[in-house]
Structures are given as C-alpha cells and as structure tokens.
Amino acid sequence: MSPQFRASVHTATVRGTTAVDVIVEVDIGNGLPAFIIVGLADAAVLEARDRVRSAIRACGFDFPSARIVVNLAPAPLRKHGTGFDLPIAAAILVATRQVPESVAHHHLVGELSLEGHVRGVPGLLSHALAARSADRDMLVPAEAIDRVHAVAGLNARPIRILADLRAPNQEHVLQKRTSLTAKKHALDLDEVVGHEAAKRALEIAAAGSHNLLLVGPPGSGKTMLARRLGSLLPSLDDSERLEAAVIHDIAGCDSTSILAGERPFRAPHHSSSLAGLVGGGTPPRPGEISLAHHGVLFLDELPEFAPGALQSLRQPLEDGEVTLVRADGRIRYPAQFMLVASANPCPCGFLGDPERRCTCPASSIGRYQNRIGGPLMDRIDIAVRMNRIDPARLLARQDCEGSIHVHDRIGTAREFAFAHGRLATRSLIGNDLLAACKLEASERQLLAAHAKRHHLSGRGVTRLLRVARTIADLARSERVTADAVDEAVGLRITTP
Amino acid sequence: MTTGELGRKGEDAAAAYLERTGMSIVERNWSCKSGEVDIVAIDESDLVFVEVKTRRSDKAGSPEDAVAKSKQTRYVRIARAYLAHTGLIDQAVRFDVIAIMPIADDRALLRHHRGAFDAS
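Residues numbered from 1 in each chain as written. Chains lettered and ligands numbered in written order. Predicted model: local features only at pLDDT ≥ 70, side-chain atom pairs only at ≥ 80, totals over all residues.

Student: Please explain the sheet that holds strand E4 (residues 93-104) of chain B as it appears in this structure.
Tutor: Strand pairs in the sheet, formed through backbone hydrogen bonds, run parallel or antiparallel to each other. Residue and element names in this part refer to chain B. An order of E1-E2-E3-E4-E5 is seen for the five strands of this open sheet, with the pairing classed as mixed. On the outer flanks of this sheet lie strand E1 (24-32) and strand E5 (107-113), each paired with one strand and no other. Averaged over neighbouring strand pairs, the angle between their axes works out to 30 degrees when direction is ignored. In this sheet, strand E2 (residues 35-43) lies alongside E1 in antiparallel orientation, the contact comprising seven bridges. (Pairing = 2+ DSSP bridges. Helix = DSSP H or I, 4+ residues; strand = E, 2+ residues; numbered from the N terminus. Axes fitted to C-alpha atoms, helices over the stretch in contact; angles between N-to-C directions.)

Student: Looking at this structure, how should I read the packing of helix H5 (residues 196-208) of chain A against helix H16 (residues 403-419) of chain A?
Tutor: Geometry of a packed helix pair, given as the angle between the helix axes and the separation of the axes. All names here are of chain A. Running from N to C, H5 and H16 point in directions that differ by 40 degrees, and their axes come no closer than 9 Å. Here H5 is positioned oblique relative to H16, judged by the angle of their axes. Of the two elements, H5 crosses H16, and the hand of that crossing is right-handed. Contacts between H5 and H16 involve Glu203, Ala206 and Ala207 on the former and, on the latter, Val406, Arg409, Ile410, Ala413 and Arg414. Grouping the constituent residues of the contact of H5 with H16 by class yields five nonpolar, no polar and three charged. (Parallel < 35°, antiparallel > 145°, perpendicular 65-115°, else oblique. Left-handed = near helix turned anticlockwise from the far one by under 90°. Contact = placed C-beta atoms within 7 Å. Nonpolar A, V, L, I, M, F, W, Y, C, P; charged D, E, K, R; others polar.)

Student: Even after reading the chapter, I still don't get the domain arrangement of chain A, so can you show me in this structure?
Tutor: For interface size, the figure often reported is the accessible area lost on association. Split into domains, chain A comes out as domain 1 (5-166), domain 2 (189-402) and domain 3 (420-496). Centre-to-centre, using C-alpha coordinates, domain 1 of chain A lies 55 Å away from domain 3 of chain A. (Domains from an automatic or database assignment.)

Student: Help me out: how do you make sense of the confidence of the model for chain B in this one?
Tutor: Atomic detail in the predicted coordinates should be set aside for any region of low pLDDT. Across chain B, pLDDT averages 89, with 100% of residues at or above 70. Predicted complex, confidence summary: ipTM 0.78, pTM 0.84. (pLDDT = per-residue confidence, 0-100.)

Student: Any chance you could explain the sheet that holds strand E10 (residues 212-215) of chain A here in plain terms?
Tutor: All names here are of chain A. Within the open sheet, the five strands sit side by side as E11-E14-E17-E10-E18. Their pairing is parallel. One side of each edge strand has no neighbouring strand; the edge strands of this open sheet are strand E11 (265-266) and strand E18 (382-385). One ladder, built from four bridges, connects strand E14 (residues 296-299) with strand E17 (residues 338-343); its direction is parallel. In the strand pairing of E17, Leu297 is matched with Leu339. Here H5 sits on the sheet and contacts E10 and E18; the angle it forms with E18, its principal contact strand, is near 165 degrees.

Student: Looking at this model, I keep getting lost on the pairing of strand E2 (residues 18-29) of chain A. Mind explaining?
Tutor: Two faces, one strand: in a regular strand the side chains alternate between the faces of the sheet. All names here are of chain A. Of the pairings in the sheet, the one linking strand E1 (residues 5-15) to E2 comprises eleven bridges and is antiparallel in character. Along E2, the bridge assignment pairs Arg6 with Asp27. Counted between consecutive antiparallel strands, the loop separating E1 from E2 contains two residues, among which Gly16 sits at a positive phi close to 65 degrees. Bridge analysis of E2 against strand E4 (residues 67-73) gives seven bridges, and the strand direction is antiparallel. Across the sheet, the residue bridging to Ile23 is Ala73, located in E4.

Student: Which parts of the structure should I look at to understand the environment of Ala13(B)?
Tutor: Residues and elements named next belong to chain B. The topology assignment puts Ala13 in helix H1 (residues 3-20). Separated by 94 residues in sequence, Ala13 and Arg107 place their C-alpha atoms 10.0 Å apart. Filtering out sequence-adjacent residues up to four positions away, Ala13 remains in contact with Ile100, Ala108 and Leu110.

Student: What exactly am I supposed to notice about the packing of H16(A) against helix H19 (residues 458-474) of chain A here?
Tutor: Residues and elements named next belong to chain A. Two elements in contact, H16 and H19, have axes whose closest approach is 8 Å; the angle formed by their N-to-C orientations is 110 degrees. Relative to H19, the element H16 lies roughly perpendicular. For the pair formed by H16 and H19, the contact residues are Arg409, Ala413, Phe416 and Ala417 on the first element and Thr470, Asp473 and Leu474 on the second. Split by residue class, the contact of H16 with H19 holds four nonpolar, one polar and two charged.

Student: Quick question: what am I supposed to make of unusual backbone geometry here?
Tutor: Trans peptide bonds make up the majority, and among non-glycine residues the majority have a negative phi. Residues and elements named next belong to chain A. That bond from Ala73 to Pro74 is cis: its omega, 0 degrees, falls within 30 degrees of zero. Tracing the chain through its elements places Pro74 in the loop between E4 and helix H3 (85-95). With an omega of -10 degrees, the peptide bond between Thr282 and Pro283 qualifies as cis. One can find Pro283 in the loop between strand E12 (279-280) and strand E13 (285-286). Backbone geometry places His294, a non-glycine residue, at a positive phi of 65 degrees. Along the chain, His294 falls in the loop between helix H10 (288-291) and E14. Of note in the backbone geometry, Glu301 takes a positive phi value of approximately 55 degrees without being a glycine. Within the secondary structure, Glu301 is located in the loop between E14 and helix H11 (307-311). What makes Glu301 partly exposed here is the crowd of 15 C-beta atoms within 10 Å. (Buried ≥ 20, exposed ≤ 12 C-beta atoms within 10 Å, placed from the backbone.)

Given below as structure tokens:
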C-alpha cells in the first residue's frame, strides 16, 4: 500500500454528565504492520483493537495489513469505555475507502461484537446531547435507540451492524416520541392504617421536598410509609426527566421509568460504600445520591450506615451536587434529592414504646443516636415519631385516604408556591425566604422564642421557616401564620 | 530424519509453495545479529517475512502455537534490521506463518497464515 490513507471521525467521551467531543484520527501507512492507539486511552479502549479487527473482517471488509495509527484527540483528555469501537472501525473503513466519506460527518459511538454487531454503551444519552449541540447527525446502536428518544431535535439513524455503514444515505430521522403517561403506582397510601401524624409529615415533606426522618420501633410501618412516597410526588417535567435520565444512563441503569416521568426512588442498603453512595471509582461513576436526582433517596435504618458515608451526604445536601476532585480535574454530578430516612430510637428499638420496655443500657442509646451526628440531624427538616398500631385497629377494615388525594393536594401546594414566584422552597435563603414568609411581629417573636428554647442553629431556623412556608402553601396562605410556625416546630423537635 | 533435516525439508516445501502462488523468493535463511528469518519474499507490493514451522505431529500443540509472542517480537526486530540493511524506508511489510505437518514421506499438510501477526 503506497499512498497515505487518512480519516477522522467524530465521537465523544463522557466526563461527569456531559460528553466531551473527541476526534478519532486514523493514519494508515507503510512500515512494519501494527495497530496502535494513542491519546490517553484506558484498557477498555485498547481492547478495541481486537474487536475492531474481527468485526471488520466478519462484515466482509478488508482489514489493512499496514501500519495503523489511531489518535484520540484532544490527547490530554482521559478516554474510557468501549464506545470507541465503532468510531475507530469507521475511521479505518473511511480511510481505506471501503465506506462512503459521508460516514465521517456523523457522530458515532458504540461497542462492536466480534461479528460486527453494534451494541449500546453507558452514556449514550450524553452523546446524543453532544451531537445535537454540535448539530451533527448521529448513528445510534439500534438495540439502544429507545434511550435517545427523549432528545428532541436530534437527527438519529439506527445502526445494527458495521456493514450498515456501506449505505449511510437511507435517512431514518427519528421524531421525538410524545410524552409518555406515567403508570399508576403499585403502592398506595390507602394501604397504611393509622399514622395520621406521620402521613401529614410525609405530605408536607413531599410538598416542599423537605428532608424527612421517621423514628419508631421495628414493624411500626416506617419503611411501608416511605415506599409510598413515590405515589405522592408529581411527575418529572421535561428538563428534570432528561437530567435524571442522563445520570441513569451514565451509570448503566435502566431509565425507562424515568423517561415515563416517574421520580427516581433509590433505597441503597446500609452496607453501601462511600463511593457507591456519593459517587467515585475509576472511571468515575455517579453514586446513589445522584441517581436520586430530582427524586427520593431513602436510607432505611439510618444509624446502621457507616458514619463516614453519612457525613459525606452533608455537602451534597447543602449544594445539590457532588464534586469529585481528581488529579486531572473536577467532576460534578448533580444530586438534588429529597432525603427520607428511617431509624429505630435505640438498638433494641423499643425506647419510648408505650407497651414494651426498652432493654438497652443508657450508654448504648446515646451512642446509637449519636451515629447520625448533629450536623446531619441539623439538615433534616422534619422528624416524626411513629408508634406501633394496635392490632385490633389493623385488622378492622377501614377506608384510608388514597394516594391520589394527597398527590393532588401536593400538586396544588406546589402550584401555589410556583404562582408566587417560588421554584424551590427548600433552597430559599436569607431575605428571599423572609420576604416569602411575610412574618408579622408576633410570629417573629414566637419563632425567636422557639429558637432560643430549642437551641436552634441559624441553619435550623432557616430550615424551620422553609417547612412553615410549605405548610402555608398547603393551606394556600400567602403569609406564614403562627399555626404554621407551631406545626413546623413540632415537626422538627422530637423526643424519642 | 533428524529434526534439522525435517525443518530444512519443510522450508524447501514452503518456498516451492510460495513460488507456486506467485510470490518471488528474495532471501532464504537471512540472518543478522537478532536472529534468522526463514524466507523473505515479495507478494505484489508487500515485502513478506515468512516463518516456517514444521512438526511431525500435533501432540505438542499445532505448529502455529510454536510462534509465540517472544518469537513474533524477534521477527519484528529482524525485519527492522533487514529494512535498514536494504535501505527500504517506505515499504509495506507483512508477517506470514507457514505451518507444515508431514503425513507421508512425500506428502504434508500445509497451512499459510497471511498477516499472522503485527508489530503492535
């Protein structure tokens, strides 16, 4: 092969939640035959060599016996994943004139099987967004094409097998699928008997996305109640849906329910590692708190979590995102979630129970409660005590209010807040918060007295006011009344 | 027949086969300080380095298995030396392996692997 053969193809690598443009350059020339990949590629990218070679031959193309140098530019950017298989193979085929040159004008990503079948990779949705903002058509692995439907205005064509590159001119432009209707939730609040105070707390928490802690003995229904939160929350709007789906897609999790508008509900086990919870690893992966973005993070048996893991939640709870600092830069994952936690009041679980006596020594109760830690407790807006329900009451059939009614009240409260110019009550601060509450002098005094009696921190007072604001939203009241302040105080201060 | 004689006979058979397929033999047993290459041939525009491997049976694995990674690396080094020696700079190069297993005194199975390995 005497003339020089060159080509370049567009792809991207995912960093954080965005796909950063990468150009795959191929130079095929004389010299000792070799297949070399340069440009900070990780082991999975280097393995592309064997998959690409087999796939090209299996699809009836010639694999050039020459010196093939593949450069992934920009060179200083670290590249990872198996999505480079398709762009590398395409660049080799374009350079050797085995497929039309128009292939190089597309955004390409996908893993190749040895027979040349194109497979989807994590982060496909981020690629689709990058392709759209670069105004480039995208060839999407056919098996994963459902995942990019949510990206409006993307010009995408499915590719099933590498041989499809021979005829890239048949246009299959995908239209955005009209919004899907969320299916009815399987778990409904009408299955929970009693617990009126806890249900009210759940409603307030859901209306304002406040952080909630449920405390009670084993079997009192904490988990049962928390799992029904999904049926109370309004559906994701279009931008929230896309943001949440992108994170799920990067983590390789199924995003079907997210794309249908259902809010994520993540319930990691208490043995979860710190990296699993807040994100991390090599290459970096979003953690449970980011998978719960725009949804609920449910931590069952909160004191059983590793103290380090719990304390790492403090910064994301405040900032709504988590920042991982690496030698080659920072990576941000959004993490705006509503924290719902459950805890036993003591190791045996029966402290404060009207019927059963707690058998824990005083020292172990203190140690147990301290595991959560003051700074994290300070970020919990609503704490509510749940007692075991009298079995006679459980067995007598009764009609409880269904989720749909509570769902509607929450929706109305959120609309009321929105109509008054508040997008997120949970993140109001300082003067904005005071202006939204329209406190009168008497209520200000009442609040000050509560704060002094219960030794509330500045953050504590702010959080208390936000809850009061949400209570007023539920009552469709323009100002925060004394009743709302009293109820908010009652929801924040609990004795075991 | 000693192992050496068997190897020599295999190389003769391989050279005859290559010429029959239209390649022209440039060198036999070309050696430098890195080692020896069995056959250097020209196939159209490619310069081909051929390793011939002859085995009496496949009890110890097939003949191709004997061309391990270390042997490939040595071949690449010899090829570099050959290109430098002959002054060929911009030349397309290929590495082939020919595996031979005799089944009778005058008959053998022959397998030709074009582009069996590369320098990466």
